[in-house]
Amino acid sequence: MRQTLLEPIAAGQTRFRMQGLTPDARGVAVGRETLLVFSGLDRLVSFLGAYSDESSLDDLIPTMTLERGRRSSGGQAVLVRCAGADSYALDRLLRLVSAARGDLFVGAGTLFARYRERAAPFGYDLAAPVSAGTDDVVAVDLDFVARYQVVDRLDPVELIQRLSLRPVPLPVAGISDDPHLAGMAEMALCLCAPGIAERVLSYLWRARVPMAGVRVALAGERRLSLLLRLRAPPGRILDVLRRIPGVELLAPVSSRAAVEVGFRHPVHLGSAASCLPGTEMYLFRGRVGRVERLEGAPRFVDGAHLIAAAIEGRGLGEPGDARVVGVEPLQIPIRLRRTGDAREPRGALVPWSQIEVLRRLIYVIPPTSLAAARLALLEEGVLVLTGGGLAGVGAVSAAGVGAAALIPLGTRICEVAPGVLVPDGFELWPRVRAPLLRDLLGLEVGQLALFRGPGEAALRLRPEHLMALDAAVVGRLQLSDLKALPGELAAPAAPELVNERLGRFALWGFGAGPKEQRERGP
């Protein structure tokens, strides 16, 4: 008679012959480890695909080990070990393993027993002790014992990355019939060969498809390919791109993985982030049969910056030679317009009616500001410039407040570019860069341009039109001649040497004039 190796566990049983079995909260016998046995890799891949569709492989892979074992009675099997769990998780594993035609065992170390079924709702225990011997894994079923020797170990992450893509049918009418089926309703990736990338860019630009792109280096290729990201692409555009040789459409399946349209990875990569370690971007290409790994997440650039700019026009000379291009029809005048921007005053245009007041204000201007100021005579009045408004005319810049800020007369003058002066409250329109503005005005070194107001012609001020303010307003002083000295203060005649006998008081009367000496006598 056939001997039964396992016996059902009774309800509430807590002691078992087999080591490693423990009851969970429902009284079901579970082990510290779980063993899945498959007859081949294809059945293991089927199980991983079914599991990834229902749950995340990131919960299973960290504790998973894959081994290829040789059965003592002949044949091979794929052994999958993972950490133990409660009966709820094991019931789900049993359902998925059975669908892939595998077996599920619970236990620990090298000895495992069959998991529960309808005939034994609380699981199985050994009916008699079983010795593992020299075998690496021993799986005890109802009527036989399978003994395995491990001959090879597999990396589950590398196995999932190397799986071949499976072709899937697309709608008969094309992707435009159902973009959701192809997974590209919201976003699609387009990998273009180097020789056709520019034409694809131009086509998508004319079709007004929102896009961004980046140049990527593929393994074994010297030239860079173009990877495009299309946002909500129309289905008809996708159908056209898919038929172009050298263009591959890829559907994103996760933030770091994309699979070519018309193919499917056996494992749902969206629930297997741990299978794609690092920060690389993975492109699974079905027709080529290769996986491209891009270093780091691609940083896409807006498609508007990838389109080659072209200049179209008539009467062009050599391409790119702007000196022979006739641009007169495109030229626009520079004009004054009002603005609310506040600027530091660089000068003042004082009318002739206020010249007398200006003369009196000269006395309160500091010496440094007065020395740095320049003056020009115009029809409207007197133009006083100081500081940056001189624009390198040769004056020394004033330290502190300029003379123009201290003169509350006339119209304040501000500087919009070096050497370009406008009334306060106005600006030049359109706004062009300062070197170009001086070039358009034809200003040479040391020259200034003054815009007096809207509708009035601008003036060119040369260095000879300007003079120092202090020299212009301070009049010349009249000096009077020195009067002659009186006769009595005139220089005396030639000195005369006299030898006299000195008395007791030799210095008495020393310093007296010649008249006193004559009166005193010898």
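Preceding this paragraph is the structure being described.
The following paragraphs examine the structure supplied in this document.

Here is what the cut-offs are and how they apply
- Residues numbered from 1 in each chain as written.
- Predicted model: local features only at pLDDT ≥ 70, side-chain atom pairs only at ≥ 80, totals over all residues.
- Heavy atoms only, no water.
- Axes fitted to C-alpha atoms, helices over the stretch in contact; angles between N-to-C directions.
- Helix = DSSP H or I, 4+ residues; strand = E, 2+ residues; numbered from the N terminus.
- Parallel < 35°, antiparallel > 145°, perpendicular 65-115°, else oblique.
- Left-handed = near helix turned anticlockwise from the far one by under 90°.
- Contact = heavy atoms within 4.5 Å.
- Nonpolar A, V, L, I, M, F, W, Y, C, P; charged D, E, K, R; others polar.
- Pairing = 2+ DSSP bridges.
- Phe/Tyr/Trp six-rings, centres within 6.5 Å; stacked < 30°, edge-to-face > 60°.
- Buried < 20%, exposed > 50% of the residue type's maximum accessible area, 1.4 Å probe, protein only.

**Considering the packing of helix 1 (residues 41-54) against helix 2 (residues 87-99)**
- The interhelical angle for the contact between helix 1 and helix 2, taken along N-to-C directions, is 135 degrees, at an axis separation of 9 Å. With respect to helix 2, the axis of helix 1 lies oblique. Helix 2 is crossed by helix 1, and the crossing has right-handed handedness. Listed contacts from helix 2 to Phe47, Ala50, Tyr51 and Glu54 of helix 1 are Arg92, Leu93, Arg95, Leu96 and Val97.
- Here the contact of helix 1 with helix 2 is composed, by residue class, of 6 nonpolar, no polar and 3 charged.

**A short note on the sheet that holds strand 8 (residues 111-114)**
- Strand order in the closed barrel made by the 7 strands is 4-6-5-11-10-8-7, with mixed pairing throughout. Each strand axis lies, on average, 35 degrees off the axis of its neighbour in the sheet, ignoring direction.
- In this sheet, strand 8 lies alongside strand 7 (residues 103-108) in antiparallel orientation, the contact comprising 4 bridges. The partner of Phe105 across the bridge, within strand 8, is Arg114.
- The sheet strands contacting helix 1 are strand 4 (33-38), strand 5 (65-71), strand 6 (76-83) and strand 11 (145-154), and the helix crosses strand 4 at an angle near 125 degrees.
- Of the strands in this sheet, strand 4 and strand 7 are in contact with helix 2, which crosses strand 7 at around 140 degrees.

**What about the packing of aromatic side chains?**
- Taken as a whole, this structure holds 2 aromatic pairs when the rule is applied.
- Look at Phe38 and Phe47: their rings are 5.6 Å apart centre to centre, the planes differ by 35 degrees, and that puts the pair in the tilted class. Phe47 shares its class with Phe38; the two are buried.
- Seen in terms of ring centroids, Phe47 and Tyr51 are 6.0 Å apart; in terms of plane orientation they differ by 45 degrees. Their pairing is tilted. In this pair, Phe47 and Tyr51 are both assigned in helix 1, 4 residues apart and thus about one turn of the helix distant. Note on accessibility: Phe47 and Tyr51 belong to one class, buried.
- An aromatic cluster of at least three residues, connected via ring pairs, comprises Phe38, Phe47 and Tyr51.

By themselves these figures say nothing about function.
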